[in-house]
Amino acid sequence: MPLVSMRQLLDEAAKGGYGVGAFNVNNMEQIQAIMEAARETKSPVIVQASRGARSYSQDKYLYHLMLAAAELYPEIPLVLHLDHGNSVETCKSAIELGFTSVMMDGSLMPDGKTPSSFDYNVKATREVVAMAHAKGITVEGEIGCLGGIEDGHGTGLDGLSHLTDPAQAAEFVKQTGLDALAIAIGTSHGAYKFSKKPTGETLKMDRLIEIHKLLPNTHLVMHGSSSVPKDLQDIINQYGGKLKPTWGVPVEEIQLGIKNGVRKINVDTDNRLAITGAIRKVFAEKPEEFDPRSYLKPAREAMKKVVALRMTQFGQAGHAGDYAPVPLSEMAARYAQKKAA
Ligand SMILES: [Zn+2]
C-alpha cells in the first residue's frame, strides 16, 4: 500500500480510542524493526525522521527504504512523518520528497533553540497548513516548549519552564487549522527526563486533561514520551555503559493520556537504549566477532521487542486491517471542502 496520511491514522485511532506510537529512524535496521513489530502485532505505523535523521541517512536513502517497507508490508498502513520541522522551508522539502505528514515546530525559532512568539508560531504553522493540506499532507504543530535537547533540537531548558497554556492552545488550533497538536506538560527530549519517578508535580497530566476538554476534536501528541525502562538501562551499564540513573514517562501515564485525546506518542530513546544494550552485550561477550551482522541482528531484534510492546500498550495492535487507505488526493479534496464550508 502507498504511504498514507497521518490524519487518517489518527482519526481512526480517535474512533477506536487508542494511541499510535511514532518511532524515530535513522537507518535500515530501525525501519525493519518497526515493520516487523507492526506485522507481528497487526499495527498501523508512524515512522518519523528528524532533520538530523534526514541529514544522517540522506533523504533519498530514507525515502526509498520507506517505499521498500510499504512494498514489503502491504497490509500495514504506513505514514512517513517529519519530526520537528524548524521552518516552512524544511517542511516544504519534506513534502516535496514524499513525506505524508510534517511537523512545523513553530514553538521555537528556526534555530531550533529559542522559544518563539505566539504570533510567529501561528504564522509559520498556517503557512505550512496551507501548503500541506493542498496536497493532502497532515500537519502537526506545537504550542509550549518541551525540555531537553535531541538531535540538536530543543531549548535545553527544564520541561516545566514553557508548559502549554490551555486557552492559548485552543486559540492556536482555531487560527492554524492543523491536524495534530504537540503539547508541553513537563516532558523532555532525550534520556534524562526526570531525576525520580515523575509525580503530578513534574508531569502535568491534569493540564493535558484540561487541554483535551477545550479541544475535544484535536489529536494531541505527547513528545519526549519514552519510558526509559530500568531493564534497558541496566543492560547498557552491565556491559560497560555509563548511564546515569534516569526516569521516563511511565506507560500508565501515557495510557491515561490516550484516554484523554492523545493519539500520537513519540518514542525514540527507548529504542536507542535497546539497540545500544544489545550491541554492548555482543561486544562484551564475543570480543572476537567483527561481522557487523553479529551485533546489528540482535540490536534490530531488541528494538523490535520494545516497539511491539509499545504498540500493544498504546492499543494500536490489531488495528492495521480496520480501514482502507484514503488517497492523498482525496484527503486534499476533503480539506478544500472543509475550508469552503
Ligand atoms: Zn519532540
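My aim in this report is to walk through the structure given alongside it, one point at a time. (Residues numbered from 1 in each chain as written. Predicted model: local features only at pLDDT ≥ 70, side-chain atom pairs only at ≥ 80, totals over all residues. Heavy atoms only, no water.)

Side note on the coordination of the zinc ion
For the zinc ion, every protein donor is listed as His84 (NE2), His189 (NE2) and His223 (ND1), and the spread of their distances is 2.0 to 2.1 Å. Sequence positions of the residues that donate to the zinc ion give the spacing H-x104-H-x33-H. Linking His84 in strand β3 (residues 78-85) with His223 in the loop between β7 (219-222) and α9 (230-238), this pair joins segments that are 139 residues apart in sequence. Assessed through its relative accessible area of 7%, His84 is described here as buried. Its relative accessible area of 1% is what places His223 among the buried residues. (Donors = N, O, S within 2.8 Å, 3.2 Å for Na, K, Ca; no water. Helix = DSSP H or I, 4+ residues; strand = E, 2+ residues; numbered from the N terminus. Buried < 20%, exposed > 50% of the residue type's maximum accessible area, 1.4 Å probe, protein only.)

Side note on the packing of helix α7 (residues 166-176) against helix α8 (residues 205-214)
It is the contact of α7 with α8, at a shortest axis distance of 9 Å, that shows an interaxial angle of 40 degrees. The angle between the axes of α7 and α8 places the two elements in the oblique class. Along this stretch, α7 crosses α8, giving a crossing that reads as right-handed. On α8, the residues touching Pro166, Ala167 and Ala169 of α7 are Arg207, Glu210, Ile211 and Leu214. Among the residues making up the contact of α7 with α8, the classes are represented as 5 nonpolar, no polar and 2 charged. (Axes fitted to C-alpha atoms, helices over the stretch in contact; angles between N-to-C directions. Parallel < 35°, antiparallel > 145°, perpendicular 65-115°, else oblique. Left-handed = near helix turned anticlockwise from the far one by under 90°. Contact = heavy atoms within 4.5 Å. Nonpolar A, V, L, I, M, F, W, Y, C, P; charged D, E, K, R; others polar.)

Thoughts on the environment of Gln313
By secondary structure assignment, the location of Gln313 is in helix α12 (residues 292-314). In this structure, Gln313 is in contact with Val251 and Gln255, ignoring residues within four places of it in sequence. A polar contact is formed between the side chain of Gln313 and the side chain of Arg310, at a distance of 2.8 Å. (Polar contact = N/O pair within 3.5 Å; in protein donor to acceptor, adjacent residues only side chain to side chain.)

Remarks on the pattern of salt bridges
Counting across every chain of the model gives 17 salt bridges. Residues Lys304 and Glu301 are paired through a salt bridge, measuring 4.0 Å at the closest nitrogen-oxygen approach. On the criterion of helical spacing, the pair formed by Lys304 and Glu301 is a turn pair, its members being 3 residues apart in helix α12. A network of salt bridges, in which partner residues are shared, links Arg7, Asp11 and Asp179. (Salt bridge = Lys/Arg side-chain N within 4 Å of Asp/Glu carboxyl O.)

So, α12
For α12, with 23 residues, the first-to-last C-alpha span of 33 Å sits near the 33 Å given by 1.5 Å per residue. Looking at α12, one finds that the buried residues are Ser294, Ala299, Ala302, Met303, Lys304, Val306, Val307, Ala308, Arg310, Met311 and Phe314. Positive phi shows up at Gly315, right after α12, with a value of about 95 degrees. (Expected span 1.5 Å × (residues − 1).)

Comments concerning unusual backbone geometry
Despite not being glycine, Gln58 has its phi angle at roughly 70 degrees, a positive value. If you trace the backbone, Gln58 turns up in the loop between α3 (51-57) and α4 (59-72). Even without glycine at this site, Val228 takes up a positive phi of about 45 degrees. With respect to the helices, strands and loops of the structure, Val228 is situated in the loop between β7 and α9. Accessibility expressed as a relative area gives 3% for Val228, which makes it buried.

Let's talk about the side chain of Lys204
Among the secondary structure elements, Lys204 is positioned in the loop between β6 (180-183) and α8. Setting aside chain neighbours within four positions, we find Lys204 in contact with Leu160, Leu163 and Ile185.

Structural notes on the pairing of β7
With burial as the criterion, each face of β7 is covered, one bearing His219 and Val221 and the other bearing Leu220 and Met222. Pairing of β6 with β7 involves 4 bridges; the strand directions are parallel. Opposite Ile183, over in β7, you have Met222 as the bridge partner. A crossover links β6 with its parallel partner β7, the connecting element being α8, and its sense is right-handed. Pairing analysis gives 3 bridges linking β7 to strand β8 (residues 262-267), with the strands arranged parallel. (Pairing = 2+ DSSP bridges. Right-handed = clockwise from strand over helix to strand, strands pointing away.)

Details of the sheet that holds β8
Strands sit in the order β1-β2-β3-β4-β5-β6-β7-β8 around a closed barrel of 8 strands; the barrel is parallel. Across the sheet, the mean angle separating the axes of adjacent strands is 25 degrees when strand polarity is ignored. Packed on one face of the sheet, α4 meets β2 (45-49) and β3 and runs near 155 degrees to β3. α8 rests against β6, β7 and β8 of the sheet, and its axis sits at about 160 degrees to β7.

Things to note about the packing of aromatic side chains
One pass over the full model with this rule turns up 2 aromatic pairs. With centroids separated by 4.8 Å and ring planes inclined at 70 degrees, the aromatic side chains of Phe283 and Tyr295 adopt a geometry described as edge-to-face. Within this pair, whereas Phe283 is found in helix α11 (residues 269-285), its partner Tyr295 is found in helix α12, the two being separated by 12 residues in sequence. Its guanidinium or amino end placed over the ring of Tyr192, Lys244 lies 5.0 Å from that ring's centre, counting from NZ or CZ. (Phe/Tyr/Trp six-rings, centres within 6.5 Å; stacked < 30°, edge-to-face > 60°. Lys NZ or Arg CZ within 6 Å of the ring centre and 35° of its normal.)

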